[in-house]
Amino acid sequence: LQNLLAAGVEGRTVLVRSDLNVPLDGATITDAGRIDASVPTLSALADAGAKVIVMAHLGRPQGAVDPALSLAPVAARLGDALGRYVQLAADVVGIDAQARAEGLTDGDVMLLENIRFDPRETSKDAAERAALAGELAALTGGDGAFVSDGFGVVHREQASVFDVAKLLPHYAGTLVAAEVDVLRTITEGAERPNAVVLGGSKVSDKLAVIEALAPKFDTLVIGGGMCFTFLAAQGLPVGSSLLQEEMVDTCKDLLDRFADVIHLPCDIVVADGFAADAEAKTVPADGIPDGWMGLDIGAESVSRFAAVLRAARTVFWNGPMGVFEFERFSAGTRGIAEAIIEATADGAFSVVGGGDSAAAVRTLGLAEDGFSHISTGGGASLEYLEGKELPGLAVLDDAPSPTAPSAP
Ligand code: 3PG
């Protein structure tokens, strides 16, 4: 971004891709983390006199207008965060967006309506995406630039993330640069002992990241719904807990190869149903009764995992340890988060990898600044750590890449 600011943006129209995909309860934003994280880049551009057009998506509207997924609440919240009025175009590249783009004055910020209302945004057909990218670029009136700042979407080969970068001078925003810097440290410069904590429901979502990180980390703690497939791989009964049958053999293989690294829970909080007020009890991990389902890791597991985490110098955490949305099954996630916060206070470098774990930090009222970094990217952070090439980064010449030195 500094390169663009140095080149001068006063009076120029700058298209910015941000990730403003925030959780909503009706029209209420329940976690504005991604909106707040988009502020530094947008403020810097508006302060420097650019006419800023923000592109963002909300949910997965399947290429059609869905009023429930309008960016209206996001525009209002973004305006509060920026301390500037943010106008919302009624469409993506239609008459309203075009007229508003022409009417922008220096320092104005406009948000286009949910970019995924246009089916070309997510099309698999490169020509369709290129057509939308052309219309987006045209909004800048010829002297524009593109800033990629939506770290949470850089793993998507979509028109506003990937194709538009081919049509305009393009730059990495401060959020993208910061996220890549942090994740590079996790994969390349992690001080030992280092630990990864993985949770969430599906082993299949985390398989590639386990493969990538297990050889580089001293400890890999596994909790959450995915731990039951690992327990089943050890031949243990898991009752009615979440189980990915087709992954049991893969988990066996991982346990064989990384026996010293992978740590599984030794006790489990089981319930007689999936409900906030279900009957619950703690049982040993090898004693899950028939008909009961594991909804959290037990207190003994928390205390063992916490001991390892407190001693770590680098911690990466992705995925809750249990159904933290239900208070009585939130102790595992809270306990692990608190151990990571303690380690951080003691000088460790800690990263919370987006998605559900970032939501858990905020829902449980934990201090966000207790961690070194809370990523805005769920899938994007994981794909980065898996070592995959992310299209939205690869297309930027000046983006920090896993191999090149950072030049944001
Ligand atoms: C996310 O929420 O991880 C990003 O905003 C990307 O959204 P998507 O998974 O719908 O592409």
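Going by the structure above, here's the rest.
Below, the structure is looked at part by part.

1. Some thoughts on the overall build of the chain
Thought 1: Tallying secondary structure elements over the chain gives 15 helices and 17 strands in all.
Thought 2: At 22 Å, the chain has a C-alpha radius of gyration in line with the 22 Å of a compact globule built from 408 residues.
Thought 3: Principal-axis analysis of the C-alpha atoms places the extent of the chain at approximately 65 × 45 × 40 Å.
Thought 4: Expressed as a percentage of the 408 residues in the chain, the buried residues total 58%.
Thought 5: Restricting the contact set of the chain to residue pairs at least 6 apart, pairs at least 24 apart contribute 73%.
Thought 6: Summing over all exposed atoms, the chain offers an accessible surface of approximately 15,700 Å²; the carbon and sulfur share of this is 50%.
Thought 7: Between the averaged position of the 29 positive side-chain charges in the chain and that of its 57 negative side-chain charges there is a distance of 2 Å.

2. With respect to the pairing of strand β9 (residues 194-198)
Thought 1: Along β9, five of the five residues are buried, which leaves the element largely enclosed by surrounding structure.
Thought 2: Residues N194, V196 and L198 line one face of β9 and the alternating positions A195 and V197 line the opposite face, and both faces are buried.
Thought 3: With five bridges connecting them, β9 and strand β15 (residues 314-318) associate as parallel partners. Pairing of V196 across the sheet is with F316, part of β15.
Thought 4: Where β9 lies against strand β10 (residues 219-222), four bridges are found, and the strand directions are parallel. If you follow L198 over to β10, its bridge partner there is I222.

3. Examining the pattern of salt bridges
Thought 1: Throughout the structure, instances matching the rule amount to 21 salt bridges.
Thought 2: Residues D31 and R362 are paired through a salt bridge, measuring 2.7 Å at the closest nitrogen-oxygen approach. Separated by 331 residues along the polypeptide, D31 in the loop between β3 (28-29) and α2 (33-37) and R362 in helix α13 (residues 355-363) bring together distant segments of the chain.
Thought 3: Of the residues examined, D31 reaches a relative accessible area of 13% and is grouped as buried.
Thought 4: Its salt-bridge partner being E386, residue K388 comes within 3.6 Å of it at the nearest N-O pair.
Thought 5: Where salt bridges share partners, they join D31, R362 and E368 into one cluster.

4. What to know about the pairing of strand β1 (residues 13-17)
Thought 1: Taken across its five residues, β1 has five buried, putting it largely inside the fold.
Thought 2: Burial of the side chains of β1 extends over both faces: T13, L15 and R17 are buried on one face and V14 and V16 on the other.
Thought 3: Two elements, β1 and strand β7 (residues 145-148), share four bridges in a ladder whose sense is parallel. Within β7, the position partnered with V16 by the bridge is V147.

5. Considering helix α3 (residues 39-47)
Thought 1: Among the residues of α3, V39, T41, L42, S43, L45 and A46 are the ones counted as buried.
Thought 2: Downstream of α3 by one or two residues, G49 has phi in the positive range, about 90°.

6. Brief notes about the nonpolar core
Thought 1: Core analysis: the largest hydrophobic core is formed by 106 residues, its most contacted members being L45, L136 and F230.
Thought 2: Considering each element in turn, this core owes the most residues, six residues, to helix α9 (residues 227-233).
Thought 3: Residues in contact with F230, not counting those within four places in the same chain, are V203, I210, I222, C251, L254, L255, I262 and L264.
Thought 4: Among the nonpolar cores identified, the runner-up in size contains 26 residues, and F324, I341, A358 and L366 belong to it.

7. A closer look at the packing of α3 against helix α4 (residues 72-82)
Thought 1: One way to put it is that α3 packs onto α4 with a least axis distance of 10 Å and a crossing angle of 70°. If you check the angle between α3 and α4, you find them roughly perpendicular. For α3 against α4, the interelement crossing comes out right-handed. Residue-level contacts link V39, L42 and S43 of α3 to L78, A81 and L82 of α4.
Thought 2: Residue composition of the contact of α3 with α4, grouped by class: five nonpolar, one polar and no charged.

8. Concerning the site of the ligand
Thought 1: Taken together, D19, N21, R34, H57, R60, R116, G152, V153 and R156 make up the full set of residues adjacent to the ligand.
Thought 2: In this structure, an oxygen atom belonging to the ligand sits 3.1 Å away from a side-chain N or O atom of D19.
Thought 3: Protein contacts shield 85% of the accessible area of the ligand, which totals 310 Å² for the unbound molecule.
Thought 4: Class assignment for the residues of the shell around the ligand results in one nonpolar, three polar and five charged.

9. Things to note about the sheet that holds β9
Thought 1: If you walk across this open sheet you meet the six strands as β11-β10-β9-β15-β16-β17, and the pairing is parallel. At either margin of the open sheet sits one strand with a lone partner, and together these are β11 (262-263) and β17 (373-374).
Thought 2: Helix-sheet contacts for helix α8 (residues 203-213) involve β9, β10 and β15, and the interaxial angle to β9 is about 170°.
Thought 3: This element, helix α12 (residues 331-345), spans β9, β15 and β16 (349-352) of the sheet and lies at about 155° to β15.

10. Concerning the packing of aromatic side chains
Thought 1: Tallied over the full model, the rule gives two aromatic pairs.
Thought 2: Their ring planes at 35° and their centres at 6.4 Å tell us that W317 and F371 sit as a pair that is tilted. Linking W317 in strand β15 with F371 in the loop between α13 and β17, this pair joins segments that are 54 residues apart in sequence.
Thought 3: Given a relative accessible area of 4%, F371 falls into the buried group.
Thought 4: Note that K281 overlies the ring of W292, its terminal NZ or CZ placed 4.2 Å from the centroid.

Reading the values: rules and limits
- Residues numbered from 1 in each chain as written.
- Predicted model: local features only at pLDDT ≥ 70, side-chain atom pairs only at ≥ 80, totals over all residues.
- Heavy atoms only, no water.
- Helix = DSSP H or I, 4+ residues; strand = E, 2+ residues; numbered from the N terminus.
- Rg over C-alpha atoms; globule rule 2.2 N^0.38 Å.
- Buried < 20%, exposed > 50% of the residue type's maximum accessible area, 1.4 Å probe, protein only.
- Contact = heavy atoms within 4.5 Å.
- Areas by Shrake-Rupley, 256 points an atom, 1.4 Å probe, with all protein chains shown as cover.
- Lys, Arg positive; Asp, Glu negative; His and termini not counted.
- Charge placed at Lys NZ, Arg CZ, Asp CG, Glu CD.
- Pairing = 2+ DSSP bridges.
- Salt bridge = Lys/Arg side-chain N within 4 Å of Asp/Glu carboxyl O.
- Core = buried A, V, L, I, M, F, W, Y, C linked by side-chain atoms within 4.5 Å.
- Axes fitted to C-alpha atoms, helices over the stretch in contact; angles between N-to-C directions.
- Parallel < 35°, antiparallel > 145°, perpendicular 65-115°, else oblique.
- Left-handed = near helix turned anticlockwise from the far one by under 90°.
- Nonpolar A, V, L, I, M, F, W, Y, C, P; charged D, E, K, R; others polar.
- Near = heavy atom within 4 Å.
- Polar contact = N/O pair within 3.5 Å; in protein donor to acceptor, adjacent residues only side chain to side chain.
- Phe/Tyr/Trp six-rings, centres within 6.5 Å; stacked < 30°, edge-to-face > 60°.
- Lys NZ or Arg CZ within 6 Å of the ring centre and 35° of its normal.

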